[in-house]
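# Descriptive structure summary
Below, each chain spelled out in residue letters.
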Amino acid sequence: MTAETALVVAPARTPRRPSVLIMLAFTVLLIVAVLAVFGQWLAPQDPTVQDPLLSVTPPGDGHLLGTDQLGRDVFSLIIAAARSAIVGPVCVALGCVLIGGTLGMVGAYFGGVADVAVNRFADLVYALPALLIAIVVIGVVDGGYWLTAAILIFLSTPYQIRLCRSVTMVQVRLPYVDAARTIGLTSRRTLFRHILPNILPTVVATLLLDFVAALIGYSALAYLGLGVQAGQPDWGAMLAEGQSFITVNPWLSLAPAIMLIATASSVTLVGDWLYDRLSSKAVSR
Amino acid sequence: MSTRMTAGRRSWLCGLIGLTLLMSGCSSGASSNSGPGAGSGQAAGSGSGPAAGSGAAGATVPSVNIALGAHPNSLDITKHFDAVNMGTMSLFTEPLERIASDGSTTPNLATKVAEPNDTTIVYTLRDDATFSNGDPLTPADVVWTIQHVTDAKAGAQTSSLVKSVASVKQTGDNEVTVTLSHPDPTVRKNLSLVALVQNAKFAKAHASDLGTPAAVPVGTGPYQVTKFGTEAVTLTRNPHYWGDKPAPDAVTISYLATDNTAQLAMRSGDIQGALVNDATTLAQWKAIGGSTAYSSQALLSQFLSLDTTAAPFDDPHVRKAMAYAIDRKGLLQAAFGGNASLLPSLMPVGVIAPVAPSEDAANSFLDGLPAYEFDMDKAKAELAESSHADGFAVTIPYISEQPWSKLTVLNLQQNLKPLGITVTPKPLSSQEWVAAVFGHKTTSVWPMAFAAATPDPVGLGRVVTEAAMTAPGGYNFAKWAPADLQEPAETLTSSVDKAARWEAAQKILTAIATEVPYIPLFQPQYNLVLAKGFTFAETPGIMEVASGTWMNELRAG
Amino acid sequence: MQVVVFIAKRLVAMVVVLLLVSLLVFSLLMLSPGSILATLLGTQPTTPELIHSLEERYHLNDPFFVQYWNWLVNALHGDFGQSIQSGEDVTTVVADRLPVTLGLAGLALLLVLVIGIPAGMAAGMRRGKPFDRLVTLLTIVGMSAPVFTVGILLIYVFGVRFEIMPVYGAGEGFLGRIEHLTLPAVALATGLTALIVRQTRAATMTVMDQDYITFARARGLSRSRILIPYALRNTALPMVTAAGLMLIGAISGTVIIETVFSLQGVGSLMIESVQAKDIPVVQGLALFIAVLVVVVNLVVDLLALIIDPRIRLSVKG
Amino acid sequence: MTTSGSDGEDVLLEVEGLTVTASKPDRTLVRDVGLRIGPGRTLGVVGESGSGKSLTARSLVGLLPAGLHAIGSASFQGISLLNAPERTLRRLRGDRISLLLQDPFTMLNPSQTIGAHIGESLPRDVRHDRQRRSREIERRLLEVGLSSEVAQRFPFQLSGGMCQRVALAAALASDPDLLIADEPTTALDVTTQNDILRLLKGLQEQRGMALILITHDLQVAFSVCDRVQVMYAGSVVEQAPAAELMTEPLHPYSLGLLRSEPPVDHYVGQLNSIPGNVPSPDSVRHVCAFAARCDWAADRCRSARPGLQTVRAGRTSACARVESIAEELRAAVAEIEHERSATPAPPAGPPILTLSEVRKSFQSTGLLRSSTRTVALNGVSFTITAGESLGLVGETGSGKTTIARSILGLTTVDSGTIEAGGLDVTSYRRLKSAERKRARRFVQVVFQDPYASLNPSLTVGSTLREVLALRSSSAADDEVAELLRQVGLPGSYAVRRPAALSGGERQRVAIARAVAMRPELLICDEPVAALDVSAQAQVLELLREIRRRHGMAMLFITHDLSVVRQMADRVVVLYRGEVVESGDTGQVLDRPAHVYTRKLILAVPGRGRRPSLPAIEPG
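Please read all numbers here as calculations on a predicted model, not as lab measurements. (Residues numbered from 1 in each chain as written. Chains lettered and ligands numbered in written order. Predicted model: local features only at pLDDT ≥ 70, side-chain atom pairs only at ≥ 80, totals over all residues. Heavy atoms only, no water.)

### Some words on the nonpolar core
Stated formally: Take the buried residues of types Ala, Val, Leu, Ile, Met, Phe, Trp, Tyr and Cys, join any two whose side-chain atoms come within 4.5 Å, and each joined set is a nonpolar core. Buried, partly exposed and exposed residues are distinguished by accessible area as a fraction of the type maximum, computed with a 1.4 Å probe on protein chains only: under 20%, between the cut-offs, and over 50%, respectively. Residue contacts are counted whenever heavy atoms from the two residues lie within 4.5 Å of one another.
In terms of nonpolar packing, the biggest core is built from 113 residues, with Leu13, Leu178, Ile180 and Val228 of chain D touching the most fellow members. Among residues more than four places away in sequence, those in contact with Ile180 of chain D are Ala57, Leu60, Val61, Ile97, Ser98, Leu99, Leu100, Ile212 and Ile214 of chain D. Counting residues in each nonpolar core, the second largest holds 99 residues, with Tyr218 of chain A together with Ile155, Ile257 and Leu263 of chain C among its members.

### Quick notes on the interface of chain A and chain B
To be explicit about the condition: Defined in terms of a 1.4 Å probe, buried area is the accessible area two parts forfeit on being brought together, summed over both. Salt bridge, as used here, is a side-chain nitrogen of Lys or Arg placed within 4 Å of a carboxyl oxygen of Asp or Glu. A 3.5 Å cut-off defines polar contacts: any pair of N or O atoms within that distance qualifies, except that in protein one atom must be a possible hydrogen donor and the other a possible acceptor, and neighbouring residues in sequence count only when both atoms are side-chain atoms. Starting at the N terminus, helices and strands are each numbered in turn, a helix being any DSSP run of H or I of at least four residues and a strand any DSSP run of E of at least two. Amino acids outside the nonpolar list (Ala, Val, Leu, Ile, Met, Phe, Trp, Tyr, Cys, Pro) and the charged list (Asp, Glu, Lys, Arg) are all regarded as polar, and Gly is one of them.
Between chain A and chain B, the contact holds 26 residues from the first and 28 residues from the second. For chain A, the biggest contributors to the area lost against chain B are Pro52, Gln69 and Ala230 of chain A; these three give 22% of the whole. Applying the counting rule to chain A against chain B returns 0 salt bridges. Inspection of the region where chain A meets chain B yields 1 residue pair in polar contact (both at pLDDT 80 or more). For the side of chain A that touches chain B, the secondary structure elements donating two or more residues are helix H5 (130-141) and helix H9 (235-243) of chain A. Residues belonging to the side of chain A that touches chain B are distributed by class as follows: 13 nonpolar, 11 polar and 2 charged.

### With respect to the side chain of Ser254 of chain B
Residue and element names in this part refer to chain B. Structurally, the position occupied by Ser254 is in strand S11 (residues 248-255). At 2.7 Å, the side chain of Ser254 forms a polar contact with the side chain of Asn65. Residues contacting Ser254, with those up to four places away along its chain left out, are Asn65, Ile66, Ala67, Leu68, Glu231 and Ala232.

### Some thoughts on unusual backbone geometry
Of note, the bond from Ala311 of chain B into Pro312 of chain B is cis; its omega dihedral lies within 30 degrees of zero at 0°. One non-glycine residue, Asp175 of chain D, lies in positive phi territory at about 50°. You can see Asp175 of chain D is positioned in the loop between helix H7 (160-171) and strand S9 (178-182). Notably, Arg576 of chain D is not glycine yet its phi reads approximately 50°, a positive angle. Within the element layout of this structure, Arg576 of chain D appears in the loop between strand S23 (570-575) and strand S24 (578-584). In this structure Arg576 of chain D comes out as exposed when scored by relative accessible area, which is 63%.

### A few points about the sheet that holds strand S5 (residues 42-46) of chain D
Residue and element names in this part refer to chain D. Spelled out, the test is: Pairing between two strands requires that DSSP report at least two bridges joining them. Lines are fitted to the C-alpha atoms to define the axes, a helix being fitted only along its stretch in contact, and any angle between axes, read from their N-to-C directions, falls within 0 to 180 degrees.
In spatial order, the strands read S8-S9-S10-S5-S11-S12-S14-S13; together these 8 strands make up an open sheet with mixed pairing. In the strand order of this sheet, the two ends are held by strand S8 (97-100) and strand S13 (309-312), each with one partner. Pairs of neighbouring strands in the sheet enclose a mean axial angle of 20°, with direction left out of account. The sheet contact formed by strand S11 (residues 227-232) and strand S12 (residues 235-241) spans 6 bridges and is antiparallel.

### Things to note about helix H7 (residues 175-182) of chain A
H7 of chain A sits mainly inside the fold: 7 of its 8 residues count as buried. All of the buried residues along H7 of chain A are Pro175, Tyr176, Val177, Asp178, Ala179, Ala180 and Thr182 of chain A.

### A closer look at the sheet that holds strand S5 (residues 110-117) of chain B
Residue and element names in this part refer to chain B. Taking strand neighbours across the sheet as the criterion, the 4 strands line up as S5-S6-S8-S7 in an open arrangement whose pairing is antiparallel. Both outer strands of the open sheet, S5 and strand S7 (165-172), are each paired with one neighbouring strand and no more. Direction aside, neighbouring strands of the sheet carry axes that sit 20° apart on average. Of the strand pairs in this sheet, S7 and strand S8 (residues 175-180) are connected by 6 bridges, and their pairing is antiparallel. Looking at the pairing, Ser167 lines up with Thr179 of S8. Those strands touched by helix H3 (residues 139-150) are strand S6 (120-125), S7 and S8, and its axis lies near 175° from that of S7.

### Some thoughts on a nonpolar patch on the surface
All names here are of chain A. Counted only if it meets this: Two joining distances apply to patches: 9 Å for like charges and 5 Å for nonpolar side chains (Val, Leu, Ile, Met, Phe, Trp, Tyr), and every residue must have over 30% relative accessible area and no salt bridge. Exposure was quantified through the Shrake-Rupley algorithm and a 1.4 Å probe, taking into account, for residues, occlusion by the shown protein chains and nothing else.
Nonpolar side chains collect at one region of the surface, where Leu30, Val34, Val37, Phe38, Trp41 and Leu42 lie side by side and expose about 630 Å² of accessible area between them. The residue Leu42 is located in helix H2 (residues 20-42) in this model. The class of Leu42 is partly exposed, set by a relative accessible area of 46%.

### What about the packing of aromatic side chains?
This is how the line gets drawn: In this analysis, rings of Phe, Tyr and Trp, with Trp reduced to its six-membered ring, are considered paired at centre separations within 6.5 Å, and the interplanar angle assigns stacked below 30 degrees, edge-to-face beyond 60, and tilted for intermediate values. In this analysis the charged atom, NZ for Lys or CZ for Arg, is taken to sit over a ring once it is within 6 Å of the ring centre and within 35 degrees of the ring normal.
The tally for this structure, following the rule as stated, stands at 20 aromatic pairs over all chains. With a centroid separation of 4.8 Å and 15° between ring planes, the pair formed by Tyr223 of chain A and Phe148 of chain C is classed as stacked. Of this pair, Tyr223 of chain A sits in helix H8 (residues 187-223) while Phe148 of chain C sits in helix H7 (residues 147-161), placing the two residues on different chains. Each member of the pair, Tyr223 of chain A as well as Phe148 of chain C, carries the same accessibility label: buried. For the pair Tyr294 of chain B and Phe536 of chain B, a centre-to-centre distance of 5.0 Å together with 75° between the ring planes defines the contact as edge-to-face. A residue pair is termed long-range when its members are at least 10 positions apart, and Tyr294 of chain B in strand S13 (residues 292-297) and Phe536 of chain B in strand S20 (residues 534-536) qualify at 242 residues. One aromatic cluster is present, built from ring pairs that chain together Tyr145, Trp146 and Tyr218 of chain A. Above the ring of Trp242 of chain B, the side-chain terminus of Arg126 of chain B is found at 3.7 Å from the ring centroid. Of note, Arg126 of chain C hangs over the ring of Phe131 of chain C, and the distance from its end group to the ring centre comes to 5.9 Å.

### Examining the confidence of the model for chain B
Should pLDDT be low for a region, the predicted coordinates there are not to be read in detail. Residue and element names in this part refer to chain B. Heads up, the rule is: One number per residue, pLDDT, summarises how confident the predictor is, and it ranges from 0 to 100.
Averaged over chain B, the pLDDT score is 78; the fraction of residues at 70 or greater is 82%. Across residues 1-57 the pLDDT falls below 50, and counting only partners more than four positions away or on other chains, this stretch makes 180 contacts in the model. Model confidence for the complex is summarised by a pTM of 0.79, with the ipTM given as 0.77.

### Concerning the environment of Pro110 of chain D
Relative to the elements of secondary structure, Pro110 of chain D occurs in the loop between helix H3 (104-107) and helix H4 (114-121). Taking relative accessible area as the criterion, Pro110 of chain D reaches 13% and is therefore assigned buried. If near-sequence neighbours (up to four positions away) are discounted, Pro110 of chain D is found in contact with Tyr212, Asn234, Pro309 and Arg310 of chain C together with Phe154, Pro155 and Phe156 of chain D.

### Some points on the environment of Ser268 of chain C
All names here are of chain C. One can find Ser268 in helix H11 (residues 266-275). Setting aside anything within four residues of it in sequence, one finds Ser268 in contact with Arg97, Glu258 and Leu263. A polar side-chain atom of Ser268 sits 2.8 Å from the main-chain carbonyl oxygen of Leu263.

### Considerations on helix H1 (residues 53-60) of chain D
In an α-helix, one full turn covers 3.6 residues, which means residues spaced three or four apart are oriented alike. The element H1 of chain D is extensively covered by neighbouring structure, given that 7 of its 8 residues are classed as buried. Of the residues flanking the end of H1 of chain D, it is Gly62 of chain D, one or two places downstream, whose phi is positive at about 70°.

### Some thoughts on the pairing of strand S19 (residues 518-530) of chain B
Residue and element names in this part refer to chain B. Here S19 lies mainly inside the structure; 13 of its 13 residues are buried. Bridge analysis of strand S12 (residues 273-276) against S19 gives 4 bridges, and the strand direction is antiparallel. Along S19, the bridge assignment pairs Gly273 with Leu530. Looking at chain direction, strand S14 (residues 300-306) and S19 are connected through 4 bridges and run antiparallel. Considered in S19, the bridge of Gln302 is made with Phe522. Bridging between strand S15 (residues 340-342) and S19 involves 3 bridges; their strand directions are antiparallel. Paired with Ala340 across the bridge in S19 is Pro524.

### Concerning the pattern of salt bridges
Under the counting rule described, the total for this entry stands at 48 salt bridges over all chains. In this structure, the salt-bridge partner of Arg188 of chain B is Glu97 of chain B, at a minimum N-O distance of 2.6 Å. Residue Arg188 of chain B is located in helix H4 (residues 187-194), and its partner Glu97 of chain B is located in strand S3 (residues 97-99); the two are separated by 91 residues in the primary sequence. Take Glu97 of chain B: its relative accessible area is 2%, and that puts it in the buried class. Ionic pairing is found between Asp175 of chain D and Arg140 of chain D, a salt bridge with its closest N-O pair at 2.9 Å. Here the residue Asp175 of chain D occupies a position in the loop between H7 and S9, and Arg140 of chain D occupies one in helix H6 (residues 130-143), the gap between them amounting to 35 residues. For Arg140 of chain D, a relative accessible area of 3% gives the class buried. Here the salt bridges do not stand alone but share partners, grouping Glu238, Glu244, Glu248, Arg312, Arg315, Glu327 and Arg330 of chain D into one network.

### What about the packing of helix H10 (residues 223-260) of chain C against helix H12 (residues 279-307) of chain C?
Residues and elements named next belong to chain C. Spelled out, the test is: Angle categories: roughly parallel below 35 degrees, roughly antiparallel above 145, roughly perpendicular from 65 to 115, and oblique for all the rest.
Viewed as axis vectors pointing N to C, H10 and H12 meet at an angle of 180°, and their least axial separation amounts to 10 Å. Judged by the inter-axis angle, H10 sits roughly antiparallel to H12. Only Ile289, Leu292, Val293, Val296, Asn297, Val300, Leu303, Ala304, Ile306 and Ile307 of H12 make contact with H10, whose side of the interface consists of Arg233, Ala236, Leu237, Val240, Thr241, Gly244, Leu247, Ile248 and Ile251. Among the residues forming the contact of H10 with H12, the class breakdown is 15 nonpolar, 3 polar and 1 charged.

Structural data, given as structure tokens:
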């Protein structure tokens with residue numbers, strides 16, 4: 001679930017050349033990315049066009065995957081929903097990495113009260129079932145898409161802080177950092193010019209894993225009817241709607257399920273591969 | 001907060017019965033003419049037709065499992081007052097009188113009910129009724145029960161319905177007298193609905209946990225509760241029951257949140273009957289081999305109210321544009337699978353027919369009202385005439401547990417987009433919805449659903465007269481109270497002259513149709529499905545479902 | 001004994017966490033829109049008298065901290081109050097729902113342990129072999145697939161397509177319960193198993209790379225000797241820590257799975273109660289979960305003491 | 001059972017044509033290695049890092065890291081070892097062949113007691129009898145010089161030396177015929193190293209066990225082994241009896257190794273070293289591996305790969321020109337002995353660094369226990385005068401590095417004062433920013449680990465430019481080139497990243513970085529400890545040269561007395577955070593006053609080039 005556990009346990013061995021599987025994962029990602037950006041122009045039908053009289057029909061004429069309750073084309077909705085699936089999680093991942101990365105680095109480098117405070121906070125969040133908290137908070141404060149992003153950032157940043165803190169800690173103990181300090185570089189320069197480039201590979205890999213975590217979180221909330229505005233095409237929300245109609249048009253729930261699994265698995269696969277590559281590069285000095 | 005957790009059946013029924021009672025609450029002071037039965041029963045389905053005959057048939061059924069949408073929080077009606085609970089409670093507790101779907105009452109635990117004056121009701125109790133624990137029914141039990149359901153201080157949810165009750169006394173060996181603080185023609189019906197008589201001794205011994213699994217009320221009904229679990233209530237026969245035995249030896253009420261799971265359960269033979277929550281699934285229910293569906297129109301109105309005091313809906317053209325922009329026929333299919341009717345006016349015909357000369361007259365009046373068929377050109381034209389020709393943005397809430405409201409809002413969102421009107425759908429849980437209704441915190445467009453318990457248009461009066469901002473629990477959501485309608489409204493609520501009331505109703509409905517403070521949408525039906533091998537002797541009406549007497553009509557066959 | 005001191009310290013920290021959690025939940029619920037009154041009133045029209053009596057009865061007009069204090073004092077006496085919806089004791093409400101959730105969690109945990117650890121160790125020892133690659137791929141898919149998507153696929157395949165497994169309710173009796181909870185447990189276990197396989201695999205790989213394994217092999221120790229006191233014993237610590245974190249994460253998964261399969265468990269109770277603003281129940285549940293979390297952490301620490309002599313002996317001094 | 005070799009001698013293990021390759025990417029790591037050892041004999045395998053000595057050892061017990069494969073033939077008492085089924089090997093391991101590894105701390109199972117380690121390796125019948133088992137464990141512990149209470153302890157409760165003894169006891173628990181010890185003393189302090197070597201030698205002799213000792217240190221091999229074979233870039237370059245190799249190497253590389261070791265007993269004016277770096281085995285597939293670094297290399301050395309040839313009985317060499325240069329090699333060895341130079345006079349000047357009564361302790365908090373304090377410095381005082389080189393000597397944990405870090409402001413002492421260049425630098429935090437800048441310029445440092453002291457993500461050029469920019473605002477590229485030239489690297493190295501540099505080259509860059517600041521005091525914290533012998537001498541010589549050129553003072557921190565002899569004017573000996581002795585280098589090393597200093601000196605392997613080990617009283 002979390003970026004950190006995934007990274008910590010990532011096998012750091014045998015640099016792999018991109019296998020068929022990795023290429024496949026990249027292809028899936030490329031498709032999803034293209035759909036997220038150009039989806040509305042690529043969809044065979046306008047996903048917003050309703051035809052309530054054609055409510056929930058199985059795949060058939062003109063509707064590759066059938067229709068939903070308002071008679072919208074499921075195939076086109078799946079395409080249109082790629083944006084909702086990508087944008088929020090990307091923002092969460094970026095936000096997480098930026099905030100968590102900065103706090104983790106600064107905490108590891110300077111230590112002190114702030115570091116302890118940030119760490120205790122991370123301890124607390126570690127001990128909480130994050131999704132449950134998100135459900136309660138978003139439910140209670142009636143959060144929308146962006147508020148959900150903020151809450152997910154808040155809840156997953158501690159993992160990022162921990163991770164960045166630990167990788168920075170490793171670097172801070174290395175003599176090159178001492179060397180930078182002894183020649184009298186400012187802390188900021190030491191941090192950003194010397195330490196940052198060395199932890200960047202890890203950070204980039206965690207970015208992808210954060211994305212997966214956010215994708216899962218977002219879609220779970222959407223499945224529960226939270227965080228995504230009604231009417232906005234979204235895989236999690238479609239799946240929830242489709243569950244009631246699984247005997248009439250199973251694709252209404254199966255298609256988003258498959259898309260979610262494919263997207264998340266592909267990103268994890270690529271993240272894993274990237275981490276392997278980057279870390280093995282770092283090992284072979 | 002809107003979640004799937006409670007999506008489903010419970011709130012549909014909750015809205016149904018709750019607002020049914022709501023309407024009867026607002027009919028206080030009005031004469032209650034019983035009209036023709038609301039929604040004559042009609043059976044449909046693939047199974048064999050209903051068996052003839054009434055009363056208990058000889059053949060018993062070992063046990064039936066009936067699926068409802070959600071489990072009751074409490075088996076004490078003062079703590080949880082809604083259809084699910086009523087249906088369950090009525091299997092083991094009984095009222096003094098029973099009301100039929102047409103509003104008429106028949107004696108039950110009371111053999112005779114007298115109203116010597118406007119403020120006194122005298123119940124004569126039957127002497128052969130015995131509680132399931134063997135205690136005989138005494139007037140003290142009835143006194144305690146009525147005090148219990150009228151006890152506002154203890155927070156009884158039922159108390160507001162029977163607030164005119166001033167005192168309850170035993171006035172004879174088998175006689176209980178209820179004294180009212182003021183004349184109230186609805187209180188007798190309401191009492192027969194909520195005063196489900198309990199064993200007072202038991203109830204007093206369990207004052208704090210009455211209604212919980214640890215202390216399920218003891219009643220005189222045909223069954224007694226043997227297990228009140230989180231997923232089901234199990235009932236077996238009350239050996240001391242005084243009346244005709246219903247067919248099933250044992251009844252289990254299972255709570256299955258979604259139609260899907262309930263269908264799968266019926267397919268596998270785990271349940272024998274279900275109250276359908278989502279009408280779109282009716283076709284799937286019927287597809288279950290050997291099942292029979294029983295449908296009946298409910299006295300329920302689903303509509304949108306528009307706040308006529310604030311921009312942009314203070315402009316009638318905008319309101320009409322909205323009315324034209326809803327594809328009601330399509331939505332009927334999408335939200336109900338076609339298993340509902342379009343609402344011709346704010347009230348279903350069954351509610352206004354009692355004051356009309358005839359049902360045909362009522363229908364032809366309704367047919368003559370201005371209709372707002374789905375027509376985007378007209379919508380565009382209306383908007384062009386308004387002061388908001390360029391469009392505007394509006395947030396429209398929907399009740400997440402009620403698909404019709406969500407689908408309507410989504411339909412509006414899509415259809416209004418080309419007109420420059422941006423609609424933001426906002427989910428509400430039914431809890432939030434109810435809280436907003438009673439707290440008068442509704443927004444400019446508000447989805448509404450309410451129903452009449454008694455077939456009488458008395459509620460219309462309050463709809464147009466209540467000063468929305470000041471009356472908690474009122475119904476003037478549109479904040480629309482034209483001066484020229486105040487008199488007809490008064491006539492409707494206080495007159496006994498049927499013709500005058502018909503005229504008043506016509507006036508108000510015509511004004512509503514022309515001014516469009518409310519956009520009528522749908523009139524749903526309720527659907528009961530029985531599995532292969534089970535039928536109803538007679539299709540139960542809404543009141544039979546609510547009062548649990550429908551179990552008497554269940555037959556094997 | 002320092003172990004006692006350690007546990008005492010942990011218990012104090014636990015109390016602090018519990019106080020924080022309860023205060024947090026309490027304020028969150030107080031701040032949220034909608035009101036307790038609406039729940040208490042049901043769908044009935046109100047009268048000022050009724051409202052007043054309810055406010056009186058539930059102390060709704062007291063200042064926030066007074067309300068919280070009252071709750072806290074009662075809770076300290078073991079009285080978590082009654083559900084606003086049903087009037088039942090909160091403990092009873094929770095206890096009623098617990099068996100389903102525990103059954104689900106237990107079954108899932110069993111699957112995770114029985115499949116996850118052996119698969120992870122086997123993969124870790126066969127690094128780079130086809131078996132390892134297959135396991136790795138499966139774990140990636142398993143940990144990436146949101147729990148409800150797995151649930152829906154299982155429902156479709158087993159409940160709709162082939163109709164061979166029950167996909168609703170919790171079932172009656174022991175066997176019935178197992179039959180009904182199998183699919184939800186599989187759905188819940190998928191992600192967790194993937195994680196534990198990954199953890200075990202990584203831990204095994206790390207340990208197998210250690211000098212002490214090489215040295216043990218160089219001394220000709222038997223395979224089982226190397227597997228248990230060497231490999232398993234030394235992978236246990238990181239795995240116990242990971243398992244603790246996972247158990248906490250699994251609580252969220254339970255909520256979703258109970259929804260997907262319409263199970264009447266603690267998770268769905270949580271959602272219902274939040275919705276109905278049934279504050280005593282939500283508070284009780286939040287505390288229950290917080291206690292669970294703290295206990296899991298405590299157990300993890302105590303297990304660490306047992307597993308790792310370094311920690312254990314430093315306790316003794 | 002032993003087999004007889006071709007020369008009639010008994011042979012326990014015979015290896016021929018051993019080649020170790022890696023798949024993915026395809027690389028050869030060990031090429032065509034032969035090896036032979038008789039029962040009860042000792043063989044030293046000596047080589048620098050990357051020579052393939054450890055892989056050779058591992059392949060013999062079938063414990064190569066994943067992805068590596070061995071081909072060739074290895075026969076142990078008639079059993080073929082290479083590619084033998086795991087079952088066969090498992091029966092052999094422990095019982096017949098045992099392996100001892102380098103790091104005593106990682107070799108033992110952290111979650112198992114010492115007793116269990118030894119017990120699990122005992123013969124089956126002993127293992128299953130509780131009484132015999134514990135008696136046997138006690139006996140084995142006693143054999144390696146440990147008391148019986150140790151059996152209940154866990155590895156982390158023991159010192160490195162004790163762990164190595166335990167490991168030795170465990171490795172010998174099944175009484176093997178052959179013990180392969182892979183750098184068994186490298187990770188240990190010099191005094192401990194000496195104890196372990198003596199123990200190892202003693203046990204080998206007592207048991208009549210064969211021993212293959214793998215080490216990078218020729219003197220260690222000489223002190224224990226009958227025969228030594230030298231490996232270079234994956235191949236064997238020379239085999240010889242230890243005594244002969246010491247005085248008469250038959251390969252230029254062996255000579256290079258001998259010459260590269262700085263002597264501990266006298267000062268040498270010019271430190272010898274082997275120029276260049278160790279090549280990868282694959283890059284020298286068709287040439288003499290050493291040709292590129294060899295003074296005697298001829299065309300024939302670069303046209304074909306010379307094989308190992310027998311020069312005379314018991315002597316083989318892989319030098320193609322061995323016949324013609326044998327005399328020169330012998331002469332060069334003799335020269336080492338005579339290469340004594342007078343110790344340069346220490347410069348006299350004002351003190352530029354003064355430490356007085358410096359104390360520092362560290363707090364460590366465990367997961368469960370309350371914190372414990374470890375005293376690192378307990379009232380240390382000394383001074384360095386301008387241009388002087390001060391050697392700071394001590395073993396692990398003596399507080400050497402803490403002193404360096406305190407002077408550099410990387411850590412702050414608890415009490416006492418540090419004065420550097422006229423500034424009180426006891427606490428860098430309290431310095432004004434201009435003062436801090438001055439302090440930074442006054443003192444610079446070269447760290448021990450060449451792999452981590454350079455930022456891997458910056459090129460050599462940008463690392464140096466950064467320093468130059470701090471010193472003066474206009475840093476030019478030619479200044480970078482000049483710096484590189486000063487440390488003996490071509491200017492083209494400016495665009496390289498550290499990953500493309502060898503250890504010695506990185507240390508040169510680190511020196512350039514320090515020198516670029518033109519400090520008055522240069523702290524060298526074990527600058528050569530992590531380098532191969534041949535690179536060590538290069539770097540030491542470079543440091544001497546830098547000091548001569550810039551006249552800077554030096555604080556030379558090391559555990560190695562021979563390095564001190566070559567690099568320091570004065571010596572301060574640290575023991576457990578206290579200065580136990582100080583004085584001129586010659587005086588301290590030749591006439592040590594303190595018992596600890598004496599112990600240090602006696603422990604130096606190959607001290608005075610005496611082949612036998614000195615007897616040292618423990619204490």
